[in-house]
There are 2 protein chains.
Amino acid sequence: MRLSRYFLPTLKEAPSDAQIVSHQLMLRAGMIKQEAAGIYAWLPLGLRVLNRIEQIVREEQERAGAVELLMPTLQLADLWRESGRYDAYGPEMLRITDRHERELLYGPTNEEMVTDIFRGFVKSYKQLPLNLFHIQWKFRDERRPRFGVMRGREFLMKDAYSFDIDEASARKAYNRMFAAYLNTFARMGLKAVPMRADTGPIGGDLSHEFIVLADTGESQVFCDKRLVEMAPPGNDVDWNDLQSVFDERTALYAATEEMHDAGAFEAGTPEENRLTARGIEVGHIFYFGTKYSAPMKAKVAGPDGKDTEVHMGSYGVGVSRLLGAIIEASHDEGGIIWPDAVAPFDVVVINLRVSDEGVNAACEEAVAKLEASGKDVLYDDTDERPGGKFATADLIGVPWQLTIGPKGLADGVVELKRRATGEKQTVPLAQALEIIG
Amino acid sequence: MRLSRYFLPTLKEAPSDAQIVSHQLMLRAGMIKQEAAGIYAWLPLGLRVLNRIEQIVREEQERAGAVELLMPTLQLADLWRESGRYDAYGPEMLRITDRHERELLYGPTNEEMVTDIFRGFVKSYKQLPLNLFHIQWKFRDERRPRFGVMRGREFLMKDAYSFDIDEASARKAYNRMFAAYLNTFARMGLKAVPMRADTGPIGGDLSHEFIVLADTGESQVFCDKRLVEMAPPGNDVDWNDLQSVFDERTALYAATEEMHDAGAFEAGTPEENRLTARGIEVGHIFYFGTKYSAPMKAKVAGPDGKDTEVHMGSYGVGVSRLLGAIIEASHDEGGIIWPDAVAPFDVVVINLRVSDEGVNAACEEAVAKLEASGKDVLYDDTDERPGGKFATADLIGVPWQLTIGPKGLADGVVELKRRATGEKQTVPLAQALEIIG
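Residues numbered from 1 in each chain as written. Chains lettered and ligands numbered in written order. Predicted model: local features only at pLDDT ≥ 70, side-chain atom pairs only at ≥ 80, totals over all residues. Heavy atoms only, no water.

Visitor: Please set out the overall build of chain A residue by residue, giving values where relevant.
Guide: Helix and strand content of chain A: 13 helices and 23 strands. Across its three principal directions, the C-alpha atoms of chain A cover 80 × 60 × 45 Å. Here chain A, with 437 residues, has 57% of them falling under the buried criterion. Considering only residue pairs separated by 6 or more positions, chain A has 72% of its internal contacts joining residues 24 or more positions apart. Carbon and sulfur atoms make up 45% of the accessible area of chain A, which amounts to about 17,000 Å² in all. (Helix = DSSP H or I, 4+ residues; strand = E, 2+ residues; numbered from the N terminus. Buried < 20%, exposed > 50% of the residue type's maximum accessible area, 1.4 Å probe, protein only. Contact = heavy atoms within 4.5 Å. Areas by Shrake-Rupley, 256 points an atom, 1.4 Å probe, with all protein chains shown as cover.)

So, in structure tokens, the structure goes:
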């Protein structure tokens, strides 16, 4: 992508109402623009990162056996009356009346709708286990939206819903998502710790939040610090038996403020391992049994031929919020430092003199070779001054910066900089391409 | 994908309220489920096709130089007051009030919002031409939603918006989208004819609809039949000079009912070329000059340093509606016939006896080899009877059916069927894989 033909409206300074660094950097890097309180347009650079995060979430859901569908943003109020949540949900639910005076709502979550889909089609235990997920825009009418995409009103969420014949099988489904989440966040370069959590308006009696530690986190968390460094289970696991993955992590103390038990924390965790920190919730999983299937009559015929209410769980990832969480965890004074897996581009090629045909030719050769090897390349072919180009490249956080100018070319070299470390190498183009890989 | 682990709830019969064949087949093939009038959930098979169509639209937009962003579904009413459309739009606009009594709306289109984004960042003609597009869910509160996804209320649309310094440049932008649309629809196997059209609530004085001819089309159209068979311009064009592509097509008569001039049709079109038919609108493009930039003060500094209102156009494709249009154009009594480019899977492998280990092994070998060569494979490993499996494969319209059973295996052969033609070949597996390609 040529920067001269792209739309990357960077800002010298963030608006003063942006309080946290991720919000400031997303505005400065031209990733988002606020359209209303808690409602954002995703500018091209922001959308690229959003898509990459979404794709990682999708791949890990599919690896764990979940099947993707897509439910609409608007739902019928009557569906939520079946579960009793229409009245219970409160002012965070955006309620809408259409031209025929029918009551709709902008979905904040989809337990009712997916249960309705399930009961419409699935009649036998032989069709279980089933896990259906979608990645769709949601709306929660937060009283005080803030922190950019971290606490927006219109936000992108992955939500999965598992259906099983009994609790034992539902626990396996829960463990599959538990493990998938560990892999998902690790792929994005995040250290996310599962913590025993309150179930809130979703309900149920088993729930974990996945928390990224960050000073700007909205909630206080308490955990054994060994959990922070524990490696994810990886792909080479038995998806039907993940109890050990679950047990290994839940044996150590980890709880959000609402669930914290100071006595248990001190009794069970050696002092040197006790960590009290701020955290950002990036995922939340629930097992809630028949809370929705019972009132909504989602039943299947069991092996004995009798109708049985299915046991369900739901599993959310805050896809748009993850951008904020990743930036909070990975930035410096120059700007964002994207982990390779979610970066909007793999490399930015910086042309130091666009009036020089030799430099242009060398840059275009570099871009062509990088693209031929499958890299996403941003080519800064603008007539901005070098200092401005370097500042932009640092700000937007692309992992590799390949700088080509007339002096280096005369010596047969280019400059390759790794954004994360700042390390620079002056090498021939071929060698730079090899290092980028 | 193993069918036994997938979610493909096919129906023997379509609900009686589905009036047209595409709606009936999408319900029967387990592609969609209605959640409210004109609001659908996309079940896994439907979502796969939607994604493939969306990706073709995206690639052709990018090839024509458009840059993708993503605007939110909800917009501020005040933004629409700037253009005067908030009051003008009528009851098709879904108006919403949030918890703080702020007026929002569910975007039916995005001229105002994209103009606001533009004016916030673009200040000089040097940043032009610019074309920004997004693919996002829209809502139009149709009085009488019908025909499934063809006239839904919540629907997926690609909308692009061009910004140019003057009318001459804006006409070039219009021609780029005109050509991109011809390529887009051709890639999906559709014959779409551009027709002079009314501009409606978008405004402006130049507009074309892209119409797919189908007996169930909602509107009457009149055109020279040579337009139907005209080849698309292809990728090897000069994107800065497409006037000849535009002229060649607009020299022949083509108009929707609202713009039809019977006298001109008869005077300009030899009788044997006059075609009167029903059509489905799949795209609509507009040039409307300064209709939005003037009231919204979207200006850039021109080459002479003076502020100039930008000239704009907008360009829509009905992404979700395209599924209906393609099915209307491509089906038979057995079900859907997907063109290869948009098919949910490339091949369905049909196991005729899942109790036979040899058959299972042969099927799994076939699936593995197909997947290794980059094919999307649906593997029917269910214990359904052969007749049911063949009917399902026909219904869901996957281009190739590869059937493996014990009798064939004993002779070292499998059966390969091309869905579109019904042609069957009994050949060794290796040869079948070669034919699939």
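Structure shown, so let's carry the discussion forward.
Visitor: So what about the packing of helix α6 (residues 167–187) of chain A against helix α7 (residues 243–250) of chain A? Which residues, and what values?
Guide: All names here are of chain A. It is the contact of α6 with α7, at a shortest axis distance of 9 Å, that shows an interaxial angle of 65°. Comparing the axis directions of α6 and α7 gives the class roughly perpendicular. By crossing handedness, the relation of α6 to α7 is classed as left-handed. Contacts between α6 and α7 involve Arg171, Tyr174, Asn175, Phe178, Ala179 and Leu182 from the first element and Gln243, Val245, Phe246, Arg249 and Thr250 from the second. For the contact of α6 with α7, a count of residues per class yields six nonpolar, three polar and two charged. (Axes fitted to C-alpha atoms, helices over the stretch in contact; angles between N-to-C directions. Parallel < 35°, antiparallel > 145°, perpendicular 65-115°, else oblique. Left-handed = near helix turned anticlockwise from the far one by under 90°. Nonpolar A, V, L, I, M, F, W, Y, C, P; charged D, E, K, R; others polar.)

Visitor: Please provide a residue-by-residue account of unusual backbone geometry, values included.
Guide: Residues and elements named next belong to chain A. A cis geometry characterises the amide bond from Leu128 onward to Pro129, with omega recorded as 0°. Following the sequence through the fold, Pro129 ends up in the loop between α5 (111–121) and β7 (130–139). Of note, the phi angle at Glu101 is positive, near 65°, even though the residue is not glycine. Topologically, Glu101 is positioned in the loop between β5 (94–97) and β6 (103–106).

Visitor: Break down helix α14 (residues 429–436) of chain B for me, citing the residues and quoting the values.
Guide: Residues and elements named next belong to chain B. Taken as a whole, α14 has its buried residues at Leu429, Ala432, Leu433 and Ile436. Looking straight down α14, one finds that the buried residues subtend no more than 100° of arc, so they occupy a single side. Exposed positions of α14 whose direction lies more than 90 degrees from the buried face are Ala430 and Glu434. Buried-residue contacts for α14 involve β19 (347–351), α11 (357–372), β21 (400–404), β22 (414–418) and β23 (424–427). Just downstream of α14, Gly437 is the residue with a positive phi angle, here 90°. (Arc of directions from axis to C-beta.)

Visitor: Quick one: what's the story with the sheet that holds β21(B), residue by residue and with numbers?
Guide: Residue and element names in this part refer to chain B. The mixed open sheet is built from five strands, whose spatial order is β20-β19-β21-β22-β23. The two strands at the open ends of the sheet, each matched to only one other strand, are β20 (377–380) and β23. Pairs of neighbouring strands in the sheet enclose a mean axial angle of 20°, with direction left out of account. Its contacts with the sheet place α11 against β19, β20 and β21, and it is angled at close to 170° to β19. Here α14 sits on the sheet and contacts β19, β21, β22 and β23; the angle it forms with β22, its principal contact strand, is near 20°. (Pairing = 2+ DSSP bridges.)

Visitor: Requested: an account of the sheet that holds strand β23 (residues 424–427) of chain A, with residues and values cited.
Guide: Hydrogen bonds between backbone groups are what pair the strands of a sheet, and the pairing can be parallel or antiparallel. All names here are of chain A. Strand order in this open sheet of five strands is β20-β19-β21-β22-β23, and the pairing throughout is mixed. Both edges of this open sheet fall to β20 (377–380) and β23, since each of them pairs with a single strand only. Averaged over neighbouring strand pairs, the angle between their axes works out to 20° when direction is ignored. Sheet analysis places strand β19 (residues 347–351) next to strand β21 (residues 400–404), joined by five bridges and oriented parallel. Bridged to Ile350 within β21 is Thr403.

Visitor: Please give an account of the domain arrangement of chain A that cites residues and values.
Guide: Residues and elements named next belong to chain A. As far as domains go, chain A holds domain 1 (3–336) and domain 2 (345–436). Spacing between the C-alpha centres of domain 1 and domain 2 amounts to 38 Å. If you look at the interface, domain 1 gives 16 residues, while domain 2 gives 14 residues. Of the roughly 1,300 Å² buried between domain 1 and domain 2 on both sides combined, carbon and sulfur atoms contribute 58%. Per-residue buried area on domain 1 facing domain 2 is highest for Leu3, Arg48 and Ile336; these three make up 40% of the total on that side. At the boundary of domain 1 with domain 2, the tally comes to three salt bridges. As a salt-bridge pair, Arg48 and Asp376 come within 3.6 Å of each other at their nearest N and O atoms. Summed over the shared surface of domain 1 and domain 2, the result is eight residue pairs in polar contact (both at pLDDT 80 or more). (Domains from an automatic or database assignment. Buried area = accessible area lost by both parts, 1.4 Å probe. Salt bridge = Lys/Arg side-chain N within 4 Å of Asp/Glu carboxyl O. Polar contact = N/O pair within 3.5 Å; in protein donor to acceptor, adjacent residues only side chain to side chain.)

Visitor: Go over the pattern of salt bridges with me, naming the residues and quoting the values.
Guide: According to the stated counting rule, one finds 66 salt bridges over all chains in the structure shown. In this structure, Arg119(A) engages Asp116(A) in a salt bridge whose closest nitrogen and oxygen atoms are separated by 2.9 Å. Linking Arg119(A) with Asp116(A), this pair stays in helix α5, spanning three residues, or about one helical turn. Between Glu365(B) and Lys369(B) there is a salt bridge, and its shortest N-O distance comes to 2.8 Å. Of the two residues, Glu365(B) and Lys369(B) both sit in helix α11, four residues apart, roughly one turn of that helix. Salt bridges sharing common partners tie together Lys33(A), Glu35(A), Glu82(B), Asp116(B) and Arg119(B).

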